[in-house]
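Residue-level structural notes
Residues per chain, in single letters:
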Amino acid sequence: MSRPGFGPQKILVSTHLRLGVNIDHVATLRNARGGREPDTIRAAAIVGRAGGDSITAHLREDRRHITDDDIKRLKAEIDLPLNMEMAATDEMVAIAIANRPHAVCIVPERRAELTTEGGLDVVSAAAALSPRIAKLNAAGIQVALFVDPDPAQVEATKKSGAPALEFHTGEYCNASERTRAKELKRLEEASAYAASLGLEVHAGHGLTVANVGPVARIPHIVELNIGHTIVAEAVFIGFEAAIHGMRTAMDRARASTASRVEARR
Ligand code: PXP
């Protein structure tokens, strides 16, 4: 591919790859009984001491897990940065501006889906997205768009005025052994391209301790947002140990990237 950004370039690799812990499914479990347990605030307090860098929470239009009250309390009671995932609606923009999370990640939302099934089509939705991104930028909230690792979506994100994007890693995570290398290459190339345009690069969806290594080694990625596997693993080993396990897997992979880049200099 001959797009700019794919050729050799100087890469500054941060050895610290940020981990945003998505606590949606702590709320899913709480909502199964309609009470207060497990408490999302207690979960968020554990994230910091277990090695997470930020809290990610998706306020869906149907409020199936995280609620408006969770967002309010996470912002008021927890010191870590809050990344609010949301659809690009006027209602969600107003809630974000009222609560001032550190960042928002704009995701596509379909009511019947079990989870976010694909990236935003920023190419076709640019007219609807740009004014909302401008309002969030003006409020000092970092905006990332959740997109597939596709150069056209990267370019459209740059044009939209969002300073960051998050690549949907679902295709990579769900790939068969035969196609996984191809999906990883798409992520690597799209990350290099996005970084060359000055976009901050995040990634997430479907990552586990078993598959996070190759993604954590991509030097342009500075943040991963991971939820389901951490909450699932917490059932067996505890929330703190599950976060710590992911942190360790990411750090090991990242350390090998830093030494590879150092060796090339
Ligand atoms: N990033 C985004 C934008 C998401 O929508 C999700 C799922 O809510 C995640 C990351 C985390 O995905 P998972 O729960 O599969 O780790």
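Notes on the structure follow. (Residues numbered from 1 in each chain as written. Predicted model: local features only at pLDDT ≥ 70, side-chain atom pairs only at ≥ 80, totals over all residues. Heavy atoms only, no water.)

This part covers helix 10 (residues 228–237). Within helix 10, the full set of buried residues consists of Ile-230, Val-231 and Ala-234. Projected onto a plane normal to the axis of helix 10, the buried residues spread over an arc of 95 degrees and lie on a single side. Every exposed residue of helix 10 that faces more than 90 degrees away from the buried side is listed here: His-228, Val-235 and Phe-236. Of the residues one or two after helix 10, Gly-238 is the one with positive phi, at around 95 degrees. (Buried < 20%, exposed > 50% of the residue type's maximum accessible area, 1.4 Å probe, protein only. Helix = DSSP H or I, 4+ residues; strand = E, 2+ residues; numbered from the N terminus. Arc of directions from axis to C-beta.)

Here we come to the site of the ligand. Taken together, 14 residues surround the ligand, and among them Glu-85, Glu-166, Gly-206, Gly-227 and His-228 come closest. Contacts to the ligand include Asn-22, whose side-chain N or O atom sits 3.4 Å from an oxygen atom. In this structure, Gly-227 approaches the ligand through a main-chain N or O atom, which is 2.8 Å from an oxygen atom. The protein chains hide 95% of the 400 Å² of surface that the ligand would expose on its own. (Near = heavy atom within 4 Å. Polar contact = N/O pair within 3.5 Å; in protein donor to acceptor, adjacent residues only side chain to side chain. Areas by Shrake-Rupley, 256 points an atom, 1.4 Å probe, with all protein chains shown as cover.)

The subject of this paragraph is the environment of Lys-159. Tracing the chain through its elements places Lys-159 in helix 6 (residues 151–160). Residues Lys-159 and Ser-130 lie 29 residues apart in sequence; the distance between their C-alpha atoms is 8.6 Å.

Take the pairing of strand 1 (residues 18–22) next. Most of strand 1 is tucked away, with 4 of its 5 residues classed as buried. In this sheet, strand 8 (residues 221–226) lies alongside strand 1 in parallel orientation, the contact comprising 4 bridges. The residue bridging Gly-20 from the neighbouring strand is Asn-225, located in strand 8. (Pairing = 2+ DSSP bridges.)

Now for the pattern of salt bridges. Two side chains with opposite charge may pair up if their charged atoms get near one another. Applying the stated rule across the entire model yields 14 salt bridges. Here Arg-18 and Glu-223 are joined by a salt bridge, their closest N and O atoms 2.8 Å apart. With a gap of 205 residues between them, Arg-18 in strand 1 and Glu-223 in strand 8 connect regions that are remote in the sequence. Taking relative accessible area as the criterion, Glu-223 reaches 7% and is therefore assigned buried. Linking Arg-49 and Glu-240 is a salt bridge whose minimum nitrogen-to-oxygen distance equals 3.3 Å. On the criterion of sequence distance, the pair formed by Arg-49 in helix 2 (residues 40–50) and Glu-240 in helix 11 (residues 239–264) is long-range, its members being 191 residues apart. Taking the relative accessible area as the measure of exposure, Glu-240 reaches 35% and is therefore partly exposed. (Salt bridge = Lys/Arg side-chain N within 4 Å of Asp/Glu carboxyl O.)

Relative to the elements of secondary structure, Thr-56 occurs in strand 2 (residues 54–58). Polar side-chain contacts of Thr-56 include one of 3.1 Å to the side chain of Asn-83. Apart from residues no more than four positions distant in its own chain, Thr-56 is found in contact with Gly-20, Val-21, Asn-22, Ile-23, Asp-24, Asn-83, Glu-85 and Asn-225. (Contact = heavy atoms within 4.5 Å.)

Counted according to the given criterion, the structure contains 0 aromatic pairs. Above the plane of the ring of Tyr-172 lies Arg-180, whose end atom (NZ or CZ) is 5.1 Å from the centre. (Phe/Tyr/Trp six-rings, centres within 6.5 Å; stacked < 30°, edge-to-face > 60°. Lys NZ or Arg CZ within 6 Å of the ring centre and 35° of its normal.)

Attention shifts here to the nonpolar core. Counting residues in each nonpolar core, the largest one holds 71 residues, and the members touching the most others are Ile-23, Leu-145, Phe-167, Leu-224 and Phe-239. The leading source of residues in this core is helix 11, at 7 residues. (Core = buried A, V, L, I, M, F, W, Y, C linked by side-chain atoms within 4.5 Å.)

Here we come to unusual backbone geometry. Glu-37 connects to Pro-38 through a cis peptide bond whose omega is -5 degrees. Along the polypeptide, Pro-38 turns up in the loop between helix 1 (24–33) and helix 2. In this structure, Arg-100 takes a positive phi of about 50 degrees despite not being glycine. With respect to the helices and strands, the residue Arg-100 is situated in the loop between helix 4 (90–99) and strand 4 (103–106).

Let us now look at helix 3 (residues 68–77). Taken as a whole, helix 3 has its buried residues at Asp-70, Ile-71, Arg-73 and Leu-74. Of the surrounding secondary structure, the elements contacted by the buried residues of helix 3 are helix 1, helix 2, strand 2, strand 3 (82–86) and helix 4.

Spatially, 8 strands are ordered 1-2-3-4-5-6-7-8 in a closed barrel, and the strand pairing comes out parallel. Within this sheet the neighbouring strands show an average axis-to-axis angle of 25 degrees, counted without direction. Strand contacts of helix 3: strand 2 and strand 3, with the helix running at about 160 degrees to strand 3, the strand carrying the most contacts. Across the sheet, helix 4 touches strand 3 and strand 4, and the angle it forms with strand 3 is around 170 degrees. (Axes fitted to C-alpha atoms, helices over the stretch in contact; angles between N-to-C directions.)

Bringing a nonpolar patch on the surface into the picture now. A cluster of nonpolar residues, Val-235, Phe-236 and Ile-237, forms a patch on the protein surface that exposes about 370 Å² of accessible area. Relative to the assigned elements, Val-235 resides in helix 10. (Patch = residues over 30% accessible without salt bridge, like charges linked within 9 Å, V, L, I, M, F, W, Y side chains within 5 Å.)

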